[in-house]
Amino acid sequence: INAEYGDPVMGDNGHFYVPKELLSVYRNVIVPIADVLLPNQFEAEQLSGHTICSEDDGWKVCDWLHSRGKAETVVITSGEIGATNDEIVCLGSFKRGATRVKVNIPKLKSTFTGSGDVFAAAFLIWSHKLPNDPRLVMERTVNTTYAVLARTYESFKDVSDPGSYDKELKLIQSKADLEIPPSQFEATVVE
């Protein structure tokens, strides 16, 4: 695959993982050279300087990120902009915004470490396998990621105070879902 993938891995849920001073490096070095950008909502907001409160805001941030470099594809991997508080929205802007795809998924009642890594890996694989079908790339990526997270959640949901060991992603146990994801959630092309 001859493309530069940029998963910012700066933070999530309103908190930075890295020193905030590195934001300018991400914004001024990584964004301009990436062909594909895969930020979560927090990272997209930090990179663009714009708050995402709606789907329309999300598309505007995708456009902003396209305009700052050569990214043909921008995906906001998880946005808290669903119709309800129990829903997450994934927005994918392909061909510099010519094709827009979204997937709505129910929010699991936990946070996970490594979910963005699973998403990025699945996106890379499905983009390579289905280079001309962004809707199916999004659908399979989201279903792959959700299957791993749901299996992980099921493994610890009855633990009274789950620690990081309990929440370790069930990747080995999800091998079949990684290879052939279930068709639980449908991606739609947004006109």
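A. Expanded view of the layout of surface pockets. Approximately 880 Å³ is the volume attributed to the largest pocket. Around the largest pocket, the lining is made up of 35 residues, and of these D12, S78, F112, S115 and G116 lie nearest the centre. Going through the elements one at a time, β2 (11–12), α2 (41–48), β5 (73–79), β7 (99–106), α4 (115–129) and α5 (134–156) are the ones with two or more residues in the lining of the largest pocket.

B. Highlighting the sheet that holds β5. Within the open sheet, the six strands sit side by side as β1-β4-β5-β6-β7-β8. Their pairing is mixed. A strand with exactly one partner marks an edge of an open sheet, and here the two such strands are β1 (5–6) and β8 (188–190). Inspection of the sheet shows strand β4 (residues 36–37) paired to β5 by two bridges, in the parallel sense. If you follow V36 over to β5, its bridge partner there is T73.

C. View of the pairing of β7. Where strand β6 (residues 87–94) and β7 come together, eight bridges link them in antiparallel fashion. Along β7, the bridge assignment pairs I88 with I105. Linking β6 to β7, which pair antiparallel, is a turn of four residues; within it K95 sits at a positive phi near 55 degrees. Where β7 lies against β8, three bridges are found, and the strand directions are antiparallel.

D. A look at a nonpolar patch on the surface. Side chains of L22, V25, V29 and I30 sit close together on the surface and give an oily, nonpolar patch of about 270 Å² of accessible area. Relative to the assigned elements, I30 resides in helix α1 (residues 23–33). The partly exposed category is assigned to I30, whose relative accessible area is 30%.

Calculation notes
Residues numbered from 1 in each chain as written. Predicted model: local features only at pLDDT ≥ 70, side-chain atom pairs only at ≥ 80, totals over all residues. Heavy atoms only, no water. 1 Å grid on protein atoms, 1.4 Å probe; cavity = no way out; pocket = protein on both sides within 12 Å on 5 of 7 lines; lining within 4 Å. Points joined across faces, edges and corners; volume = space filled by probe spheres on them. Helix = DSSP H or I, 4+ residues; strand = E, 2+ residues; numbered from the N terminus. Pairing = 2+ DSSP bridges. Patch = residues over 30% accessible without salt bridge, like charges linked within 9 Å, V, L, I, M, F, W, Y side chains within 5 Å. Areas by Shrake-Rupley, 256 points an atom, 1.4 Å probe, with all protein chains shown as cover. Salt bridge = Lys/Arg side-chain N within 4 Å of Asp/Glu carboxyl O. Buried < 20%, exposed > 50% of the residue type's maximum accessible area, 1.4 Å probe, protein only.

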